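What follows is each chain in one-letter form.
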Number of protein chains: 2
Amino acid sequence: MPKSPPRHVVILAGGSGTRFWPVGRTSRPKQMLALDGDDPRPLLRATYERVKPLCDRKGPFVVAAKRLGAEIRKLIPEMPADRLLLEPVPRNTGPAVALAAHAVACLGGDAPLAVVPSDHHASPDATYRDVLAAMIDRAGESHRLQTLGLVPTFPATGYGYLELGARRAKSPSGAIHAVRRYVEKPALAVAKRYVKGRRHLWNLGTFAFRPSVFLDAFRRHMPEAASALAPLFATKAFRAKLGPAFDACPSQSVDYGVMEKARDIEVLVADFDWDDLGSWDAVARHARSDPRGNSLRGTDVALDATNCLVRTDDGTAVALIGVDDLLVVRTKDALLIARKGRGEDVRRIYDALKLAGRLDLLT
Amino acid sequence: MPKSPPRHVVILAGGSGTRFWPVGRTSRPKQMLALDGDDPRPLLRATYERVKPLCDRKGPFVVAAKRLGAEIRKLIPEMPADRLLLEPVPRNTGPAVALAAHAVACLGGDAPLAVVPSDHHASPDATYRDVLAAMIDRAGESHRLQTLGLVPTFPATGYGYLELGARRAKSPSGAIHAVRRYVEKPALAVAKRYVKGRRHLWNLGTFAFRPSVFLDAFRRHMPEAASALAPLFATKAFRAKLGPAFDACPSQSVDYGVMEKARDIEVLVADFDWDDLGSWDAVARHARSDPRGNSLRGTDVALDATNCLVRTDDGTAVALIGVDDLLVVRTKDALLIARKGRGEDVRRIYDALKLAGRLDLLT
């Protein structure tokens with residue numbers, strides 16, 4: 001067997017914290033928070049450690065907003081400076097992935113890379129790494145865009161789906177199929193059919209490709225953005241040109257802008273424990289709980305309480321009496337008490353506070 | 001009409017804060033907290049201001065634990081030093097009332113006094129003052145122990161009751177009857193009969209008497225305590241003798257020790273808005289609420305929430321989503337979330353924390 005090219009992984013660390021208020025703030029977005037069960041590590045740190053064994057000795061790349069640079073360097077002190085790619089202004093994931101693809105291209109050899117979210121739950125770590133390795137290797141062999149699909153375990157209406165096309169190959173981590181089409185978040189009845197039909201997968205927003213393959217697709221499907229970023233693509237000293245290029249670049253996600261328009265995309269059909277940790281409800285699902293379903297910390301006391309998630313970030317004591325199914329999140333300046341299942345509405349609290357001018361509670 | 005003797009009022013400011021955790025602490029018992037609806041004044045301060053117009057220019061007496069002395073002086077800076085009676089060790093209300101009776105006796109003239117709790121809701125203020133004035137005046141005329149009974153408005157099982165005897169006199173604030181007997185906290189069926197029968201009143205733990213009349217009864221019914229306190233009773237310079245006298249004195253309430261044993265007690269049948277503010281549930285009943293039944297403060301946000309009481313003592317923001325009937329109390333080191341109706345169980349949280357050695361959360 002020929003020696004594989006080096007594998008690279010790019011972690012997209014954009015994203016906001018609006019659904020994780022009051023812990024999540026503009027200065028502490030979701031990926032900077034410890035939201036994965038009882039793992040004390042912020043999601044980005046956990047993701048970094050999860051994928052690092054796949055990479056060369058300099059480790060994964062991280063793409064993030066410039067304003068988070070100092071925080072991220074503190075969180076991952078071992079990361080070499082040239083692996084941190086800072087977006088001067090937010091332009092969604094399309095330009096971010098293009099920037100990452102170019103940074104990898106600059107290393108020479110058109111070595112394939114995986115692009116992964118920084119704020120999901122994925123386990124076991126080794127299984128997840130094997131999946132990424134299989135995607136990267138397939139991207140290297142096939143010169144095609146690769147995406148990751150997960151066998152759905154319930155009829156989720158909050159995720160996008162991928163419809164399977166013909167089987168193309170097998171990998172140690174699952175079959176590789178053509179993608180027939182992308183499906184937006186479906187209605188429940190439709191999602192139920194998908195789960196039964198076994199022809200649809202959850203779209204995990206995780207990709208792999210050779211830089212040249214992605215940048216070709218980017219130029220074709222996001223021509224305006226590609227034109228704005230052209231000065232970057234022309235040089236290895238692209239960091240100096242980030243400001244004006246991003247300023248001029250339109251905002252679009254890599255999903256809408258590239259993946260859903262490109263032809264001949266392949267999907268690896270994977271199966272591991274995954275959650276997008278989209279709200280406090282998801283955090284509650286992954287948190288260790290006592291026999292009454294309560295996720296408490298050492299100083300907390302529960303009396304006739306069941307199925308409550310309690311999070312404090314300051315070691316204070318919480319006492320529950322006769323309450324059920326609550327999400328309780330306390331910070332030094334705020335407190336959230338939501339009924340379980342209402343985690344999505346935390347965004348509305350965020351918006352209400354913004355409207356009320358309480359930026360002190362949001363930043 | 002002969003000129004009435006001066007009226008004195010003694011405020012009993014003992015009591016603990018266990019049912020008002022986490023705001024209530026051993027160092028901040030109930031009477032030091034603002035628990036009466038939206039009144040920003042601690043209960044003791046509100047009581048002081050409520051009864052002051054009845055008193056001579058030096059105002060009411062306050063009996064309290066010695067350890068609270070500094071706090072009380074800060075709370076009521078206008079109170080002359082000789083109106084503050086500090087118990088060196090807690091001995092319940094029997095010895096406290098005897099001490100107060102002696103202090104009033106020392107002023108000369110055997111002028112009658114009222115003894116009132118420091119931690120109740122009573123309104124309107126003027127009505128309450130009229131009731132106390134009527135009790136004091138009757139105590140002065142009749143040379144009998146007076147107690148205060150309130151026409152019950154619901155079959156409370158948490159209060160003691162007084163059974164009415166023969167009518168003795170009338171006063172501007174209600175009829176004065178003999179007390180036939182005291183009834184401990186009754187079962188619900190019994191309490192319902194009491195409300196219907198109109199022969200039973202809530203016992204408010206509020207008394208009036210001439211010092212000589214009380215001290216006679218005290219010596220008769222609490223002879224051991226009276227003997228321990230005898231050195232006090234022998235001198236106007238009683239403050240110097242408080243330590244050893246209280247040390248030697250047994251602990252007993254004035255209700256059990258004196259009032260329930262004494263004969264020929266009279267009760268004023270009163271009718272005003274009253275609550276013993278026994279728990280956070282009572283606080284919720286008296287707090288102003290919005291049309292959805294929520295008692296919130298300025299920075300709080302409620303989304304599909306009803307009938308929730310929110311109290312924070314630090315100006316932090318609370319957000320509620322989809323929750324009903326909660327008592328939410330936040331301090332800088334703790335948080336209580338209880339279902340409404342479970343306020344009595346806060347004491348169990350207090351006990352659990354004590355057992356766990358978390359004195360930092362209780363003091």
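Cut-offs and rules
Residues numbered from 1 in each chain as written. Chains lettered and ligands numbered in written order. Predicted model: local features only at pLDDT ≥ 70, side-chain atom pairs only at ≥ 80, totals over all residues. Heavy atoms only, no water. Contact = heavy atoms within 4.5 Å. Buried area = accessible area lost by both parts, 1.4 Å probe. Salt bridge = Lys/Arg side-chain N within 4 Å of Asp/Glu carboxyl O. Polar contact = N/O pair within 3.5 Å; in protein donor to acceptor, adjacent residues only side chain to side chain. Helix = DSSP H or I, 4+ residues; strand = E, 2+ residues; numbered from the N terminus. Pairing = 2+ DSSP bridges. Expected span 1.5 Å × (residues − 1). Buried < 20%, exposed > 50% of the residue type's maximum accessible area, 1.4 Å probe, protein only. Axes fitted to C-alpha atoms, helices over the stretch in contact; angles between N-to-C directions. pLDDT = per-residue confidence, 0-100. Parallel < 35°, antiparallel > 145°, perpendicular 65-115°, else oblique. Left-handed = near helix turned anticlockwise from the far one by under 90°. Nonpolar A, V, L, I, M, F, W, Y, C, P; charged D, E, K, R; others polar.

Structural notes on the interface of chain B and chain A
In this complex, chain B contributes 35 residues to the contact, which on the side of chain A involves 34 residues. Between chain B and chain A, a total of about 2900 Å² is buried, with carbon and sulfur atoms accounting for 63% of that surface. Linking chain B to chain A there are two salt bridges. Note that R342 of chain B is salt-bridged to D304 of chain A, the shortest N-O span being 2.4 Å. Summed over the shared surface of chain B and chain A, the result is 22 residue pairs in polar contact (both at pLDDT 80 or more). Counting only elements with at least two residues in the side of chain B that touches chain A, the list comes to β12 (301–303), β14 (317–321), β15 (326–330), β16 (334–339) and α11 (346–355) of chain B. When residues in the side of chain B that touches chain A are grouped by element, the largest group, six residues, is from β16 of chain B. Direction of pairing for strand β16 (residues 334–339) of chain A relative to β14 of chain B: parallel, over a ladder of five bridges.

Description of helix α4 (residues 125–142) of chain A
All names here are of chain A. Here α4 spans 26 Å end to end across 18 residues, near enough to the 26 Å set by a 1.5 Å rise per residue. Listed as buried for α4 are Y128, R129, V131, L132, A133, A134, M135, I136, R138, A139, G140 and S142. Just downstream of α4 lies H143, where phi reads positive at about 55°.

Remarks on the pairing of strand β6 (residues 146–150) of chain B
Residues and elements named next belong to chain B. Most of β6 is tucked away: five of the five residues are buried. Side chains Q146, L148 and L150 of β6 all project onto a buried face; the interleaved residues T147 and G149 project onto the opposite face, where all are buried too. Pairing of β6 with strand β9 (residues 200–209) involves four bridges; the strand directions are antiparallel. If you follow Q146 over to β9, its bridge partner there is A208. Note that β6 and strand β10 (residues 266–270) share five bridges and pair parallel. Each residue of the ladder has a partner; that of L148, found in β10, is L268.

Brief notes about the sheet that holds β16 of chain B
Pairing is mixed in the open sheet, where five strands are placed in the order β12(A)-β14(A)-β16(B)-β15(B)-β13(B). The open sheet terminates on both sides in strands that have one partner only, identified here as β12 (301–303) of chain A together with β13 (309–312) of chain B. Neighbour-to-neighbour, the strand axes of the sheet open up by a mean angle of 5°, direction not taken into account. Of the strands in this sheet, β12 and β14 (317–321) of chain A together with β16 of chain B touch α11 of chain B, which is tilted by about 140° from β12 of chain A.

Focus: the pattern of salt bridges
Going through the model one piece at a time under the given rule, you end up with 54 salt bridges over all chains. One salt bridge connects D216 of chain B with R219 of chain B, and the closest N-O pair in it is separated by 4.0 Å. Taken together, the residues span about one helical turn, with D216 of chain B and R219 of chain B both in helix α6 (residues 211–221) at a distance of three residues. A relative accessible area of 45% means that D216 of chain B is categorised as partly exposed. Residue R219 of chain B is classed as partly exposed on the basis of its relative accessible area, which comes to 41%. What you see here is one network of salt bridges that share partners, running through D39, R41, R45, E49 and E78 of chain A.

Some details on the confidence of the model for chain A
Summary statistics for chain A give a mean pLDDT of 94 and a share of 99% for residues scoring 70 or more. This prediction of the complex comes with two scores: 0.89 for pTM and 0.88 for ipTM.

Notes on the environment of I337 of chain A
All names here are of chain A. Considering the arrangement of structural elements, one finds I337 in strand β16. The buried category is assigned to I337, whose relative accessible area is 0%. For the pair formed by I337 and L326, sequence separation is 11 residues and the distance between their alpha carbons is 6.6 Å.

What about the packing of helix α3 (residues 93–105) of chain B against helix α7 (residues 223–233) of chain B?
All names here are of chain B. In the contact formed by α3 and α7, the axes pass within 11 Å of each other and the chain directions differ by 25°. Put simply, α3 runs roughly parallel to α7. By crossing handedness, the relation of α3 to α7 is classed as right-handed. Where α3 abuts α7, its residues P95, A98, L99 and H102 lie against L229, L232 and F233. Considering only residue class, the contact of α3 with α7 consists of six nonpolar, one polar and no charged.

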